[in-house]
Amino acid sequence: QHRDPTSPPQMISFLGVPLRLGELQVGQIYLTNKINGLEFTSDDQRIIETLASYAAVAISNARIYQQITERARVLTRRNENLALLNELASILVSSDNIDQVLDKVLSQVMDYLRLDVGEIYLRQDDGRVLQIALHQGSPETQLWSRSQFSVGEGLVGQTAETSQMSRIEIESVNKAPQNDSHFFSQETLTGCLRQVVCLPLSGRRGVLGVLCVASCETDPFDDLEMHFLSAISAWVGMSIENLRLNIQQRRLAVLEERERIGMD
């Protein structure tokens, strides 16, 4: 119990008690201006100290419960992510059509993460042009004002060039309209979309394309969602490369068989 010498004149009584859990201080309780105008007594101090000890335990328990709850949420999400990855792997096994695989994968990811728009751009034969291969979501909501990009051009091309994820808030683009490097469509800039993420579809030989997803949610993608999208994009990139190699091998086998028959 003490008076605070630095307090303003209207503070006529003051009591401060620490919230301690063992040697750890987790907070403070401050009381001022006792109603009857007198100083706080030793009995008052003992009551507040008892309250402080209970409060310290309650705060500690609440923090532990919060940690356990968060840990359980993370483990649940990770298990759900793994389950979806297994399901997507079965799609790859059951089909050798790249367009069908991309369509099913993007549809599953958008449903799982409650995304509003998803697009996939793939590199063409010359390797410098990325052409849109798939769009899902509202037909009126095209993310970009064009259907193809050169490597290094716009957010799509930059993602392909750097092999790094790109993320942007639509609000920041609207605040700087002179910046047209991202080539957003008018529907994207004036609609409900709030955030756009572009991820590289990488294989052993480099970036094969770019996955673009967008959401109308005001809350940004959390770490678990971003890790999941990164895992999906890497998996899709490897899948595209494997499917293309399988197709090339079958074509080569057909040509070799035709050559053998011709020689016979």
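Going by the structure above, here's the rest.
Residue indices follow the written sequence of each chain, beginning from 1 at its first position. pLDDT decides what is reported in this predicted model: residues at 70 or higher carry local features, side-chain atom pairs at 80 or more are listed and counted, and totals for whole chains, interfaces and linings draw on all residues regardless. As a rule here, side-chain values cover all heavy atoms of the structure and leave hydrogens and water aside.

A. Broad picture of the environment of Glu-171. By definition, any uninterrupted DSSP run of H or I lasting at least four residues is a helix, any uninterrupted run of E lasting at least two residues is a strand, and each is numbered from the N terminus. Checked against the element boundaries, Glu-171 lands in helix H4 (residues 170–175). Sequence-wise, Glu-171 and Gln-195 are 24 residues apart; in three dimensions their C-alpha atoms are separated by 8.3 Å.

B. How the structure looks around helix H2 (residues 98–113). Residue count minus one, scaled by 1.5 Å, sets the expected span of a helix. Under the 1.5 Å per step criterion, the end-to-end length of H2 is 22 Å for 16 residues, consistent within 8% with the ideal 22 Å. Here's how the labels work: a residue is buried when its accessible area is under 20% of the maximum for its type, exposed when over 50%, partly exposed in between, all with a 1.4 Å probe on protein chains only. All of the buried residues in H2 are Ile-98, Val-101, Leu-102, Val-105, Leu-106, Val-109, Met-110 and Leu-113. Seen along its axis, H2 keeps its buried residues to an arc of 150°; they face one direction. Following H2 by one or two positions, Arg-114 adopts a phi angle in the positive range, close to 55°. The arc under discussion is defined with respect to the helix axis, by the directions toward the C-beta atoms.

C. Fine view of the nonpolar core. Counting residues in each nonpolar core, the largest one holds 28 residues, and the members touching the most others are Leu-102, Val-109, Ile-120 and Val-236. Going through the elements one at a time, H2, strand S3 (117–123), strand S7 (195–203), strand S8 (206–215) and helix H6 (223–263) are the ones with two or more residues in this core. Residue contacts are counted whenever heavy atoms from the two residues lie within 4.5 Å of one another. Setting aside anything within four residues of it in sequence, one finds Val-236 in contact with Leu-102, Val-105 and Leu-201. Only buried residues count toward a nonpolar core, which is a set of Ala, Val, Leu, Ile, Met, Phe, Trp, Tyr and Cys residues joined through side-chain atoms within 4.5 Å.

D. Geometry of helix H3 (residues 154–162). By the burial criterion, the buried members of H3 are Gly-154, Leu-155, Val-156, Gly-157, Thr-159 and Ala-160. On its buried face, H3 sits against S3, strand S4 (129–137), strand S5 (148–150), strand S6 (166–169), S7 and S8. Looking at the residues trailing H3, positive phi occurs at Ser-163, about 60°.

E. Inspection of the pairing of S7 at higher detail. Counting buried residues along S7, eight of its nine residues qualify, which places the element largely inside the surrounding structure. Taken together, the four bridges between S6 and S7 define a ladder with antiparallel strand orientation. Looking at S7, one finds that Arg-167 is bridged to Val-197. By the bridge criterion, nine bridges tie S7 to S8 in an arrangement that is antiparallel. Bridging from a neighbouring strand, Leu-199 pairs with Leu-211 of S8. Any two strands between which DSSP finds at least two bridges are classified as paired. Counting the residues between successive antiparallel strands, the hairpin from S7 to S8 contains two residues.

F. Examining the state of the cysteines more closely. Any pair of cysteine sulfurs within 2.5 Å is marked as a disulfide. Counting across every chain of the model gives one disulfide. Note on cysteine connectivity: Cys-192 is disulfide-linked to Cys-216, with sulfurs 2.1 Å apart. Of this pair, Cys-192 sits in the loop between helix H5 (186–190) and S7 while Cys-216 is found in the loop between S8 and H6, placing the two residues 24 residues apart along the sequence. Cys-198 carries a free sulfur, and the closest cysteine sulfur to it, the one in Cys-212, is 3.3 Å from it. Given a relative accessible area of 0%, Cys-212 falls into the buried group.

G. View of the layout of surface pockets. Only protein atoms enter the 1 Å grid used here, on which a cavity is any set of points holding a 1.4 Å probe that cannot leave and a pocket is any open set flanked by protein within 12 Å on both sides along at least five of seven lines; residues with an atom within 4 Å of a point are listed as lining. Grid points are joined across faces, edges and corners, and a volume is the space filled by probe spheres set on the points. Its boundaries defined by the atoms lining it, the largest pocket holds a volume of some 420 Å³. For the largest pocket, the lining is made up of 16 residues, of which Arg-123, Gln-124, Leu-208, Arg-244 and Gln-248 are closest to its centre. Elements with a contribution of two residues or more to the lining of the largest pocket: S3, S4, S8 and H6. Counting residues per element, the lining of the largest pocket draws most heavily on H6, at four residues. Each residue is assigned to one of three groups, with Ala, Val, Leu, Ile, Met, Phe, Trp, Tyr, Cys and Pro labelled nonpolar, Asp, Glu, Lys and Arg labelled charged, and all others, Gly among them, labelled polar. Across the lining of the largest pocket, the residue classes tally to six nonpolar, five polar and five charged.

H. Layout of the packing of aromatic side chains. The pairing test for Phe, Tyr and Trp rings, Trp by its six-membered ring, is centres within 6.5 Å, and the orientation test on the planes gives stacked under 30 degrees, edge-to-face over 60, and tilted for anything in between. Applying the stated rule across the entire model yields six aromatic pairs. Taking the centre distance of 5.8 Å and the plane angle of 65° together, the rings of Phe-149 and Phe-183 count as edge-to-face. A residue pair is termed long-range when its members are at least 10 positions apart, and Phe-149 in strand S5 and Phe-183 in the loop between H4 and H5 qualify at 34 residues. Classification of Phe-149 by relative accessible area gives buried; the value is 1%. Overall, the relative accessible area of 23% leaves Phe-183 in the partly exposed class. An aromatic cluster is present here, built from Tyr-121, Trp-144, Phe-149, Phe-183 and Phe-184 joined pairwise through their rings. Whether a charge sits over a ring comes down to the Lys NZ or Arg CZ being within 6 Å of the ring centre and within 35 degrees of the ring normal. Taking the ring centre of Phe-183 as reference, the NZ or CZ of Arg-146 above it sits at 4.9 Å.

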